[in-house]
Amino acid sequence: MIPPSVKTISFWLVVVFFALFLLSRADAKTVVDQMGRRMTVPDAPERIVALAPSITEIIFALGQQDRLKGVTTYSNYPPAALTLPKVGTYIRLDLERIVALNPDLCIATKDGNPKSAADRLTELNIPVYAVNPRDIETVAQAVIEIGGLLNAEEKARDLAEQMHARVQRVKTQVAKTDHRPLVFFQIGVSPIVSIGTDTFINELIVLAGGENIAAGSTAYPRFSREQVLALAPEVIIISSMTRGASFEQIKAEWQSWPKIPAVQNHRIDIVDSDLFDRPSPRLVEALELLVKLIHPELFGNPQ
Amino acid sequence: MAAQTSVIKRLLLVIVLLTGILAAALLIALSSGSSREGMGASLAIIFGQEDANATLETIIWHLRLPRVLLAVLVGATLSLGGLVFQALLRNPLAEPYILGISGGSAIGAIIGIMLGLSRFPGVTFCAFIGSLATLVLILVMSSGTTILKKDALLLSGVMVNAFCSAVIMFLVSLTQDARLQNIIFWLMGDLSSADSRTTGILALILIPCFLVIFFFSHAMNLLLVGKETAQTMGLPVKTVTVVLLVLTSLMVSATVSYSGLLGFIGLVMPHLLRLIWGPDHRVLVPACILGGGAYLVVCDLLARTLPQQGEMPAGVITALIGAPVFIFLLKKSRR
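Residues numbered from 1 in each chain as written. Chains lettered and ligands numbered in written order. Predicted model: local features only at pLDDT ≥ 70, side-chain atom pairs only at ≥ 80, totals over all residues.

Here's the deal with the overall build of chain B
On a plain count of helices and strands, chain B comes out with 14 helices and zero strands. In chain B, the order of α-helices and β-strands from amino to carboxyl end is α-α-α-α-α-α-α-α-α-α-α-α-α-α. For 335 residues, the compact-globule formula gives about 20 Å, and the C-alpha radius of gyration of chain B, at 20 Å, lands near that figure. When each of the 335 residues of chain B is scored for burial, the buried share is 46%. In chain B, of all internal contacts separated by at least 6 residues, the share reaching a separation of at least 24 is 76%. (Helix = DSSP H or I, 4+ residues; strand = E, 2+ residues; numbered from the N terminus. Rg over C-alpha atoms; globule rule 2.2 N^0.38 Å. Buried ≥ 20, exposed ≤ 12 C-beta atoms within 10 Å, placed from the backbone. Contact = placed C-beta atoms within 7 Å.)

Structure representation (C-alpha cells):
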C-alpha cells in the first residue's frame, strides 16, 4: 500500500473545495416568470407561500407540501391545507403576515393577485414568481413551472401527462356523439351570472361536448330569467359559488319555468364551485364530472 | 400684547400635548399588527436595539410605518378640512364627507382609474376636478336660501352624496375592470395601499397646504365673526374664501385618491378640540393636524387588529364613531 503523495492529497483537496464553491454558488437560480419579470430564486426553496388556492393545490399535487409555510384564506383543498397559516385572501393579501413567515419564495397567479402586492413583496426582497393558468393547457404548464422551481420536475411531468391523458379520454368519449346540448352554467344567483367564452369553464363545457349558451365576449355576463327562458338551455348547471345559498331554493326558482327544456327533463345540477373556479390540476376532475352531466347517455344512463 | 402672548402660550401647550398623544399613538400602531409579534420585540426595534429580528424590522419600517404615516396625513387633512368648512360656511355640521365633496372626488378618481391613468398625478387630478365640481354644485344649491340656510346646506350635501354613490355604483357595474376589484374596501376608506412612495408624494402635496391654512387661521377667526365685519377690518373676504375652499378640496381629493372615503373625521376632531381649547383657529389649525392624525392612526389600528382574520376598512370605525357624534351635534344645534 503506497501512501498517497502530498500532490494527490492536495489535488483532491482542490477538487473538493472547487465542488463546494460550485455548490455554494448554485444555491440560487435566475428565472423569468409569466409576467416577464426576471428574478433570483433559491435553488431549493424551503419556505414557500402560495398566494392563491390553485397554487396550494398544485404544490400539494406535486407532493411538496412540506415546503409550504403559508396559504390564502380559502385554500381548503386538500384538507391538510386548512391547518397551514393564513395570509389573507388572494385579492387582499396580508403583507405583514407574509413577511412574518419569512418566505424564500412566493408563488402568485398573474390574473388573480393584485400586481401592487407582488411588487411590494419584491421590493422587500421576497421573490414572487407569477404563473398564468387560464385553461387546462396552461394549468399543465404552471404545474411544470412550479415543479421546476421546487425540483420536482419528474412528478410535474407525470402530473401534466396524466392531465393530458384524461382530457384525451374525455375527447374520445365525446366524439361518439354529434349531439351538443345547450348548457347554461350559472355561477351567480342574484343577479344571475354566467360565463363567457374567455373563461376556463367555457373551455370545459366545449370539451365535455356541450354548447355554452352564454358564450360571448363578456367574461361574466349577467342574465335576466327571461333571457335564459328564451335561450332554452337543455342542461342547467349551478356552481355553489354563492356561499350559504340553498341549492333546493335555486332549483325551485328554475322549476317554476317548465317551458325550459332543462326543467322538463330534470337536468338541473349543482357542482362544487371550488372544482370549477380554480385553475388547478383538479380541472380534469371537473371536466370528467361535466361530461357525465352533459352526456349521461354515454355512460349508460338514459336521459 | 397680553392676548398675543396668551395665544402663543396656549399654542405651545396644545402642540406639546398633542404631539405627545400622536407619538404615543404612533408607537402603539407601529408595534401592533396582524403578524401578532410581541409588542416588546417591536418596541425594542423602534428604539434601535441591536441584534434585532430582521423580519420584524422589515415589517415595522417597510409595512407598518408607511401606513401609519399615511393615516397621520389623511387624518390631519380630513380634520383640517372639516375645520375650514365649518368656519367658511359658518355651519358646525359641515364636513367634506357629509357635504359630498369626498364623493365627488371619488367619482373623479374612479373615472381616472378606468381611463388607466397613474395614481399620481392623473387620478389625483381627476379627483380634484370631481371635488371642485361638487363644491360648486353645493354652493349654488344652498345659496339664496336665507331661511333654513343651515339645513339647506346639509340637505344639499346629503343629496349630492346619494347622487355620487349612485354614479359610483353605475360606473362600477359598467366595468369589469380588475383594477376596481378592491373598490368596496376603497369606498369605505382603506389605508392598506400605503407604501413609502405614495406616502411621500402625499406628504409633498399636503404639508405645504397645512402651512398655507395655518397662515390663514387669523382670517378664519375674522370670517367666523361675520363677513361684513371681516370686510371692514380689511380682509379680502372673497379671495380668502376661494383660496381656502380650493385648497381644502385639493387636499381632500388627494387623500381620497389614495385612501378612499373616510367619513366624519372632520366632524369629530374639530368639535372635540373646540370644546377643549375654544374657537381660536390659530390654536385649532395645529391642534386639528396633530389630533386628527392621532385619531385616524388609532381608528386604523382598530381596523387592522380587531378582526381575527384579515382586516376591515378604517372607514367603518370612523363612521361607527362619527355618525352618532353627528346626530348628537345636530340635536344640540337645534335647541
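Here the narrative resumes, following the displayed structure.
Some points on the domain arrangement of chain A
Residue and element names in this part refer to chain A. What the domain assignment lists for chain A is domain 1 (29–135) and domain 2 (178–299). Look at where the C-alpha atoms of domain 1 and domain 2 centre, and you get two points 31 Å apart. Taken together, the 10 residues of domain 1 in the interface contact eight residues of domain 2. For the side of domain 1 that touches domain 2, the residue count by class is five nonpolar, two polar and three charged. (Domains from an automatic or database assignment. Nonpolar A, V, L, I, M, F, W, Y, C, P; charged D, E, K, R; others polar.)

What to know about the sheet that holds strand β5 (residues 105–109) of chain A
As a general point, the strands of a sheet are linked pairwise by backbone hydrogen bonds and lie either parallel or antiparallel. All names here are of chain A. One open sheet accounts for four strands, arranged β4-β3-β5-β6; its pairing is parallel. Either end of the sheet is taken by a strand with one partner, and the two such strands are β4 (68–70) and β6 (128–131). Averaged over all pairs of adjacent strands, the angle between their axes in this sheet comes to 35 degrees, without regard to strand direction. The pairing of β5 with β6 spans four bridges and is parallel. If you follow C106 over to β6, its bridge partner there is V128. Relative to the sheet, helix α2 (residues 53–61) contacts β3 (48–50), β4 and β5, its axis offset from that of β3 by approximately 130 degrees. (Pairing = 2+ DSSP bridges. Axes fitted to C-alpha atoms, helices over the stretch in contact; angles between N-to-C directions.)

Notes on the packing of helix α3 (residues 54–88) of chain B against helix α13 (residues 281–305) of chain B
All names here are of chain B. Direction vectors running N to C along α3 and α13 enclose 135 degrees, while the axes themselves pass 7 Å from each other. By the angle between their axes, α3 is oblique relative to α13. Seen from above, α3 lies across α13 with right-handed handedness. In contact with V68, A71, V72, V74, G75, A76, L78, S79, L80, L83 and A87 of α3, α13 contributes H281, L284, V285, C288, I289, G291, G292, G293, Y295, L296, V297 and D300. Across the contact of α3 with α13, the residue classes break down as 16 nonpolar, six polar and one charged. (Parallel < 35°, antiparallel > 145°, perpendicular 65-115°, else oblique. Left-handed = near helix turned anticlockwise from the far one by under 90°.)

Digging into the pairing of strand β1 (residues 28–32) of chain A
Remark: a regular strand shows side chains that alternate across the two faces of the sheet. Residue and element names in this part refer to chain A. Both β1 and strand β2 (residues 38–42) contribute to a ladder of five bridges, which runs antiparallel. Bridge pairing in β2 places V31 opposite M39. The antiparallel pairing of β1 with β2 creates a hairpin that spans five residues between the two strands, and G36 there sits at a positive phi of about 75 degrees.

Re unusual backbone geometry
Look at the link from Y77 of chain A to P78 of chain A: it is a cis peptide, with omega at -10 degrees. One can find P78 of chain A in the loop between β4 and α3 (95–100). In this structure, F264 of chain B takes a positive phi of about 70 degrees despite not being glycine. Locating F264 of chain B in the fold gives a position in the loop between α11 (237–259) and α12 (265–277). Since 22 C-beta atoms lie within 10 Å of it, F264 of chain B is described here as buried.

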